[in-house]
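So the chains spell out like this:
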Amino acid sequence: ALAAFVAVRHELPMLSLDNVFSEEEFRGFDRRVRERLGEEGDITYCCEPKLDGVALSLLYEDGALVRGATRGDGASGEDITANVRTIASIPLRLLGEGWPQRLEVRGEVYMPRAGFEAFNRRALETEGKTFVNPRNAAAGSLRQLDSRITAQRPLEFCVYGAGVSSAALSGRQSQLLAQLRDWGLRCSPEVKVATGVAACLEYYAELLGRRARLPHDIDGIVFKVDSIALPERLG
Ligand code: D41
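Below: a short report on this structure. (Residues numbered from 1 in each chain as written. Predicted model: local features only at pLDDT ≥ 70, side-chain atom pairs only at ≥ 80, totals over all residues. Heavy atoms only, no water.)

**Details of the overall build of the chain**
A count of helical and extended segments in the chain gives 8 helices and 9 strands. At 19 Å, the chain has a C-alpha radius of gyration in line with the 18 Å of a compact globule built from 235 residues. A principal-axis box enclosing the C-alpha atoms of the chain has dimensions of 60 × 40 × 30 Å. Classification of the 235 residues of the chain by burial places 44% in the buried group. Excluding contacts between residues fewer than 6 apart, the proportion of contacts in the chain whose partners are at least 24 apart in sequence is 76%. Accessible surface computed for the chain: about 12,500 Å², of which carbon and sulfur atoms make up 50%. Separation of charge centres in the chain, based on 30 positive and 33 negative side chains, amounts to 3 Å. (Helix = DSSP H or I, 4+ residues; strand = E, 2+ residues; numbered from the N terminus. Rg over C-alpha atoms; globule rule 2.2 N^0.38 Å. Buried < 20%, exposed > 50% of the residue type's maximum accessible area, 1.4 Å probe, protein only. Contact = heavy atoms within 4.5 Å. Areas by Shrake-Rupley, 256 points an atom, 1.4 Å probe, with all protein chains shown as cover. Lys, Arg positive; Asp, Glu negative; His and termini not counted. Charge placed at Lys NZ, Arg CZ, Asp CG, Glu CD.)

Structure follows, in structure tokens:
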């Protein structure tokens, strides 16, 4: 067990997300995107469920996992490598070929509902206390100084993007996720590309209809301009 976690400064900040809470506000977001890009036509978005977990940075060197760190405040987090190494869906080595010598991926650690229910039942029997929700259970599980405890928790990981990379990656978010999947990282099966506001709203309605039946909690949907060069132009 560790005595404490060591602070990690993110080479590239882990940004946060903006919220919209209505169709009206989403249309406003899309309008601002088109205005700033000088785009008359429909914008293509990568639509992703917003997994309700804990954001994580994973650093791979020569294909080997060398560091796992929490997002923290976005500028710096904590080194939780030992805990991260116990999560089965996080590969210790990247698969396939062509990965950059140095590659940071970012994603969400979460506890699926079924695992949470089972874990909470056991926690009630053995310790007489439970976690309020899967998100708190995931966060508490990652905060363990003894990684043997983390190893017993039903945690899963889904990748949602890349950070630093020693080589250029795909210019589209959707293709980046497909590439990361080929390299052995799990990615949500619910990710879809949608062109224009109507298609985005359809994705939203469809996922909302299945929300209660998903294997994990979500606390929203993330719409990303699919062309990665464009968000950089958008600031
Ligand atoms: O599923 C998520 N929780 C999720 C979080 C996601 N699918 N995509 C995300 N994308 C980003 C950017 C666009 C900033 C790379 C995120 C987050 N950020 C995020 N998670 C926690 C803070 C920010």
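**Structural notes on the packing of aromatic side chains**
A full pass over the atoms with the stated rule returns 6 aromatic pairs. On the numbers, 5.8 Å between centres and 40 degrees between planes, the contact of Phe26 with Phe29 is tilted. Residue Phe26 and its partner Phe29 are located together in helix 1 (residues 23-37), separated by 3 residues, close to a single helical turn. Aromatic side chains Tyr203 and Phe223 sit 6.5 Å apart centroid to centroid with 75 degrees between the ring planes, which places their arrangement in the edge-to-face category. Highlighted residues: Tyr203 in helix 7 (residues 197-210) and Phe223 in strand 9 (residues 218-225), separated in sequence by 20 residues. (Phe/Tyr/Trp six-rings, centres within 6.5 Å; stacked < 30°, edge-to-face > 60°.)

**Section: the state of the cysteines**
All chains considered together, the criterion is met by 0 disulfides. Here Cys47 is not cross-linked by a disulfide; its sulfur's nearest cysteine counterpart is in Cys200, at 4.4 Å. Here Cys187 is not cross-linked by a disulfide; its sulfur's nearest cysteine counterpart is in Cys158, at 6.4 Å. On the accessibility criterion, Cys187 (9% relative accessible area) is buried. (Disulfide = S-S within 2.5 Å.)

**Some remarks on the sheet that holds strand 3 (residues 54-61)**
Judged by pairing direction, the sheet is antiparallel, and its 4 strands sit side by side in the order 4-3-6-7 without closing on themselves. Pairing within the sheet leaves two strands with one partner each, and these edge strands are strand 4 (64-70) and strand 7 (156-165). Recorded for the sheet is a direction-independent mean angle of 30 degrees between the axes of neighbouring strands. Against the sheet, helix 4 (residues 134-142) makes contact with strand 3 and strand 6 (102-110), and its axis sits at roughly 40 degrees relative to strand 3, the strand it touches most. (Pairing = 2+ DSSP bridges. Axes fitted to C-alpha atoms, helices over the stretch in contact; angles between N-to-C directions.)

**A look at unusual backbone geometry**
Unlike most non-glycine residues, Asp62 shows phi in positive territory, near 50 degrees. Note that Asp62 resides in the loop between strand 3 and strand 4.

**Section: the packing of helix 1 against helix 7**
When two helices pack together, their arrangement is given by the angle between their axes and by how far apart the axes lie. In the contact formed by helix 1 and helix 7, the axes pass within 11 Å of each other and the chain directions differ by 140 degrees. As summarised for this structure, helix 1 and helix 7 are arranged oblique, according to the angle between their axes. When the axes of helix 1 and helix 7 are compared, the crossing they make is right-handed. Seen from helix 1, the contacting residues are Glu23, Phe26, Arg27 and Asp30; seen from helix 7, they are Val197, Cys200 and Leu201. Of the residues in the contact of helix 1 with helix 7, the class split is 4 nonpolar, no polar and 3 charged. (Parallel < 35°, antiparallel > 145°, perpendicular 65-115°, else oblique. Left-handed = near helix turned anticlockwise from the far one by under 90°. Nonpolar A, V, L, I, M, F, W, Y, C, P; charged D, E, K, R; others polar.)

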